[in-house]
Amino acid sequence: GGVFETQRQAGEVGIKPHTLLRYMEEIADVLDYLHQKHQLVHGNLKLSQVGIDHRHVQILDWGIHQPEHVTHNLWSLDALQFAAPEVIEGYPVPASDQFALAAIYVLAHTGYPPLPSRSLTEFFDLRREKTFDTRLAKEHELSALNRALHADPAARFPACAAFVKALQANKSIP
């Protein structure tokens with residue numbers, strides 16, 4: 001589902017940076033609004049849940065995360081790529097959605113998940129060392145992505161929009 005998957009199936013790898021940053025800004029604004037105004041955390045955001053309608057981003061599935069059900073979730077490798085460590089442990093916070101947004105950026109921009117792996121074992125082995133493969137990012141993106149994908153939610157940006165602004169400030173887009 002979603003626009004990004006449609007683009008990938010059409011043979012296009014990665015969304016053009018200026019377009020992707022505009023989409024990321026819209027998603028960040030929605031997430032921050034829900035975090036600040038309603039104290040809601042999505043907690044399960046992934047690329048397949050993002051769509052485009054009339055050139056605006058929409059979150060297609062707003063199944064608000066229920067922490068009490070985390071221990072009963074059957075995690076797929078795909079879903080784990082977007083899940084912050086605290087979400088997997090059952091303690092989602094607003095910064096968890098920022099982690100997912102940064103993971104979406106990596107996949108939508110490069111065509112690869114943040115931690116390319118072929119099995120759950122390989123994923124968890126890699127996750128013990130890092131939260132994303134830095135070889136997937138451009139030099140100017142590393143600082144913002146390292147912070148937004150930090151294992152500790154307190155070390156992430158204060159809001160999703162701050163993460164996107166950091167990406168925009170450090171961009172080297174033609």
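These numbers come from a predicted model, not from an experiment.

1. Topic: the overall build of the protein chain
In step 1: Summing up its helical and strand segments, the protein chain has eight helices and two strands in all.
In step 2: When the helices and strands of the protein chain are listed from N to C terminus, the series reads α-α-β-β-α-α-α-α-α-α.
In step 3: Residues counted as buried form 47% of the 174 residues belonging to the protein chain.
In step 4: Nonlocal contacts in the protein chain, meaning residues at least 24 apart in sequence, comprise 60% of its contacts between residues at least 6 apart.

2. Details of the pattern of salt bridges
Any two side chains of opposite charge can pair, on the condition that their charged atoms come close.
In step 1: If you walk through the whole model with that rule in mind, you get three salt bridges.
In step 2: Residues Glu86 and Arg156 are paired through a salt bridge, measuring 2.6 Å at the closest nitrogen-oxygen approach. Of the two residues, Glu86 is situated in helix 4 (residues 85–88) and Arg156 in the loop between helix 7 (142–148) and helix 8 (160–169); the sequence distance between them amounts to 70 residues.
In step 3: Overall, the relative accessible area of 7% leaves Glu86 in the buried class.
In step 4: Arg156 gets classed as buried once you look at its relative accessible area, which sits at 3%.
In step 5: In this structure, the salt-bridge partner of Arg135 is Asp133, at a minimum N-O distance of 2.7 Å.

3. What to know about the pairing of strand 1 (residues 50–53)
Walk down a regular strand and you will see the side chains alternate between the two sheet faces.
In step 1: Pairing geometry for strand 1 and strand 2 (residues 56–59), over four bridges, is antiparallel. Within strand 2, the residue paired with Val50 across the bridge is Ile59.
In step 2: As consecutive antiparallel partners, strand 1 and strand 2 are separated by two residues, and within that stretch His54 has a phi angle of approximately 50°, a positive value.

4. Looking at the nonpolar core
In step 1: Counting 47 residues, the largest nonpolar core has Met24, Leu101, Leu145, Leu149 and Phe163 as its most contacted members.
In step 2: At the level of secondary structure, the elements contributing two or more residues to this core comprise helix 2 (17–38), helix 3 (77–80), helix 5 (94–110), helix 6 (120–129), helix 7 and helix 8.
In step 3: No other element matches the ten residues that helix 5 contributes to this core.
In step 4: Excluding anything up to four places from it in sequence, Phe163 contacts Met24, Gln98, Leu101, Ala102, Ala144, Leu145, Ala148 and Phe157.

5. Section: the packing of aromatic side chains
In step 1: As enumerated under the stated definition, the model contains two aromatic pairs in all.
In step 2: Ring geometry for Phe123 versus Phe124: centroids 5.2 Å apart, planes at 80°, classification edge-to-face.
In step 3: Ring geometry for Phe157 and Phe163: centres 6.0 Å apart, planes at 45°, overall tilted.
In step 4: Arg147 extends its terminal NZ or CZ atom over the ring of Phe157, reaching a point 4.3 Å from the ring centre.

6. Here we look at the environment of Leu115
In step 1: Mapped onto the secondary structure, Leu115 falls in the loop between helix 5 and helix 6.
In step 2: Apart from the residues within four sequence positions on either side, Leu115 is in contact with Gln81, Phe123, Leu126, Arg127, Lys130, Thr131, Phe132 and Asp133.

Conventions we followed
- Residues numbered from 1 in each chain as written.
- Predicted model: local features only at pLDDT ≥ 70, side-chain atom pairs only at ≥ 80, totals over all residues.
- Heavy atoms only, no water.
- Helix = DSSP H or I, 4+ residues; strand = E, 2+ residues; numbered from the N terminus.
- Buried < 20%, exposed > 50% of the residue type's maximum accessible area, 1.4 Å probe, protein only.
- Contact = heavy atoms within 4.5 Å.
- Salt bridge = Lys/Arg side-chain N within 4 Å of Asp/Glu carboxyl O.
- Pairing = 2+ DSSP bridges.
- Core = buried A, V, L, I, M, F, W, Y, C linked by side-chain atoms within 4.5 Å.
- Phe/Tyr/Trp six-rings, centres within 6.5 Å; stacked < 30°, edge-to-face > 60°.
- Lys NZ or Arg CZ within 6 Å of the ring centre and 35° of its normal.

Taken by themselves, the reported measurements are silent on function.
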